[in-house]
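Here is how the chains run, residue by residue.
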Amino acid sequence: MVIVMAPEATNSDIEALVSLVGAAGGEAFVSRGVRRTVIGLIGDLTQFSALNLRGMNGVADVMRVSTPYKLVSRENHPDRSSVSVGGVLIGPDTVTLIAGPCAVETPEQTLDAAVMAKAAGASLLRGGAYKPRTSPYAFQGLGEAGLRILDEVRAETGLPIVTEVVDAHDVDLVASYADMLQVGTRNMQNFALLQAVGSAGKPVMLKRGMNATIEEWLMAAEYIAQRGNLDIVLCERGIRTFETATRNTLDVSAVPVAQRLSHLPVIIDPSHSGGRRDLVLPLTRSAIAVGADGVIIDVHPHPETALCDGPQALVDGDLRELARIMRQFPPLMGRTATPTPEPTPAAV
Ligand code: PEP
Ligand code: MN
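Residues numbered from 1 in each chain as written. Chains lettered and ligands numbered in written order. Predicted model: local features only at pLDDT ≥ 70, side-chain atom pairs only at ≥ 80, totals over all residues. Heavy atoms only, no water.

> Explain the overall build of the protein chain to me, please; I cannot follow it from the model alone.
On a plain count of helices and strands, the protein chain comes out with 11 helices and 15 strands. The globule rule puts the C-alpha radius of gyration for 348 residues at 20 Å, and the 21 Å found for the protein chain is close to it. C-alpha extents for the protein chain along the principal axes are approximately 70 × 40 × 40 Å. Looking at the protein chain residue by residue over its 348 residues, the buried ones come to 53%. Taking as baseline every contact in the protein chain between residues at least 6 positions apart, the subset at least 24 positions apart corresponds to 69%. Of the charged side chains in the protein chain, 30 are positive and 38 negative, and the gap between their average positions amounts to 4 Å. (Helix = DSSP H or I, 4+ residues; strand = E, 2+ residues; numbered from the N terminus. Rg over C-alpha atoms; globule rule 2.2 N^0.38 Å. Buried < 20%, exposed > 50% of the residue type's maximum accessible area, 1.4 Å probe, protein only. Contact = heavy atoms within 4.5 Å. Lys, Arg positive; Asp, Glu negative; His and termini not counted. Charge placed at Lys NZ, Arg CZ, Asp CG, Glu CD.)

Structural data, given as structure tokens:
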């Protein structure tokens, strides 16, 4: 059982609840978030049914949830949520395009990629300043200098920024620049990081661990939600299978399954799934067809010299087709893409 406190709840309201639950033989775990405090109750549900929890001061909601994840579960939140990122909505009636370079390399490369992304219809800019690389010898990202570049490119293009944070110690710094914090596949079960981003007061994009079940993914989201942050977007980015022809295997079924189990928006990353440029457009079409709430795509002005993931980055010609897909496919699914520009020769 989970109690969600109203924003105006006082410390003594919370203490009163904790002692009432304790007196009834249960245990109460208080998570104080930036926006709200939630209290998880552990114990026999019948112990609590006699208590008038809903009538207690400061209580906004009391939820009985049978799934192991509570706050992100759809059981007690039948309507699908939308998450606002710098004023851009993700889910459930839109298909949001997020695009940008895998990594921030230089101001020019980032700006060029952002202009390409915007021309293709992207309403959010992606770009990593902190890169979680498999090899310690690979480019690790520019760190704070990369965040400053993103800040300048946001000012120039108006695109809000989605950027990854890989270390709990960097969360406040990254959050001071980002419009949305990205937690990558390798960190999906870094619980200290999940708790830190849950307390950062910024929306979070949580990528699915490459070896994680959907339930583990939703439990990871619960760590963020438990800190009072329900502005979470789930991102399916391909899982490890026996197949070697693609970098990862895109699990399209994860989209409707996660959307049925959770009220959170679910998007797809067709770039990191396939790891190949030629697969990005077909996988984007499949993402829209399966009901994804958005896609996040790598673009680069010069993929051949990219410091990270060049082989999957889209270039100009592909972007024209991506823009066409974003104009034509979402309406077939009863959705709008945001925004949907007409191609102009100068722009794409
Ligand atoms: C990324 O989006 O830059 C990234 C590293 O993705 P993933 O965590 O899915 O590998
Ligand atoms: Mn990448």
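> Sorry, what's going on with the sheet that holds strand β3 (residues 37-42) here?
Strand pairing in a sheet takes place through backbone hydrogen bonds and is either antiparallel or parallel in direction. Taken in spatial order, the four strands of this open sheet run β2-β3-β1-β4, and their pairing is antiparallel. On the outer flanks of this sheet lie β2 (27-32) and β4 (59-63), each paired with one strand and no other. For this sheet, the mean inter-axis angle between neighbouring strands, taken without regard to orientation, is 20°. Alignment of strand β1 (residues 2-5) against β3, held across three bridges, turns out to be antiparallel. The residue of β3 that forms the bridge with isoleucine 3 is isoleucine 39. Its contacts with the sheet put helix α1 (residues 11-23) on β1, β2, β3 and β4, and the angle it makes with β2 is roughly 155°. (Pairing = 2+ DSSP bridges. Axes fitted to C-alpha atoms, helices over the stretch in contact; angles between N-to-C directions.)

> In this structure, what is going on with the environment of alanine 337? I would like to understand it.
Mapped onto the elements of the fold, alanine 337 is located in strand β15 (residues 336-338). With 66 residues separating them along the chain, alanine 337 and serine 271 place their C-alpha atoms 19 Å apart. Contacts of alanine 337, omitting those with residues within four sequence positions, involve Val95, Met326 and Pro330.

> Help me understand the nonpolar core in this model?
For soluble globular proteins, the rule of thumb is that nonpolar side chains tend to be buried together. Grouped together as the largest cluster of nonpolar side chains are 74 residues, with contacts concentrated most on Val197, Leu206, Trp217, Leu234 and Ile297. Take this core: its biggest share by element is seven residues, from helix α7 (residues 214-226). Setting aside residues up to four positions removed in sequence, leucine 234 forms contacts with Leu206, Trp217, Leu218, Ala221, Ala258, Ser262, Leu264, Pro265, Val266 and Ile267. (Core = buried A, V, L, I, M, F, W, Y, C linked by side-chain atoms within 4.5 Å.)

> Would you mind showing me how to read the site of ligand 1 here?
If you check the shell around ligand 1, you find Cys102, Arg126, Lys131, Glu164, Gln182, Gly184, Thr185, Arg186, Lys207, Arg237 and His272 and nothing else. Here an oxygen atom of ligand 1 and a side-chain polar atom of lysine 131 are 2.8 Å apart. Within the contact set of ligand 1, an oxygen atom lies 2.8 Å away from a side-chain nitrogen or oxygen of lysine 207. Coverage of ligand 1 by the protein chains reaches 97% of its 290 Å² of free accessible surface. Tallied by class, the residues present in the shell around ligand 1 amount to one nonpolar, four polar and six charged. (Near = heavy atom within 4 Å. Polar contact = N/O pair within 3.5 Å; in protein donor to acceptor, adjacent residues only side chain to side chain. Areas by Shrake-Rupley, 256 points an atom, 1.4 Å probe, with all protein chains shown as cover. Nonpolar A, V, L, I, M, F, W, Y, C, P; charged D, E, K, R; others polar.)

> When you look at the packing of helix α6 (residues 191-198) against α7 in this model, what are you seeing that I'm missing?
The angle between the axes and the distance between the axes are what describe a pair of packed helices. Viewed as axis vectors pointing N to C, α6 and α7 meet at an angle of 45°, and their least axial separation amounts to 7 Å. Taken as axis vectors, α6 and α7 run oblique relative to one another. Handedness of the α6/α7 crossing: right-handed. Taking contact as the criterion, the partners of Phe191, Leu194, Gln195, Val197 and Gly198 in α6 are, on α7, Ala220, Tyr223 and Ile224. Partitioning the contact of α6 with α7 into residue classes produces six nonpolar, two polar and no charged. (Parallel < 35°, antiparallel > 145°, perpendicular 65-115°, else oblique. Left-handed = near helix turned anticlockwise from the far one by under 90°.)

> Explain the packing of helix α10 (residues 277-289) against helix α11 (residues 316-332) to me, please; I cannot follow it from the model alone.
Put simply, α10 and α11 touch, their axes get as near as 10 Å, and they point 10° apart. Put simply, α10 runs roughly parallel to α11. Contact residues: α10 offers Arg277, Leu281, Thr284, Arg285 and Ile288, while α11 offers Asp318, Glu321, Leu322, Ile325, Met326, Phe329 and Pro330. Classifying every residue of the contact of α10 with α11 by side-chain character gives seven nonpolar, one polar and four charged.

> Please explain the packing of aromatic side chains as it appears in this structure.
Two measures describe an aromatic ring pair: the distance that separates the ring centres and the angle between the ring planes. Inspection of the entire model under this criterion finds one aromatic pair. Ring geometry for phenylalanine 191 and tyrosine 223: centres 4.4 Å apart, planes at 25°, overall stacked. Highlighted residues: phenylalanine 191 in helix α6 and tyrosine 223 in helix α7, separated in sequence by 32 residues. On the basis of relative accessible area, phenylalanine 191 is assigned to the partly exposed category, the value being 33%. (Phe/Tyr/Trp six-rings, centres within 6.5 Å; stacked < 30°, edge-to-face > 60°.)

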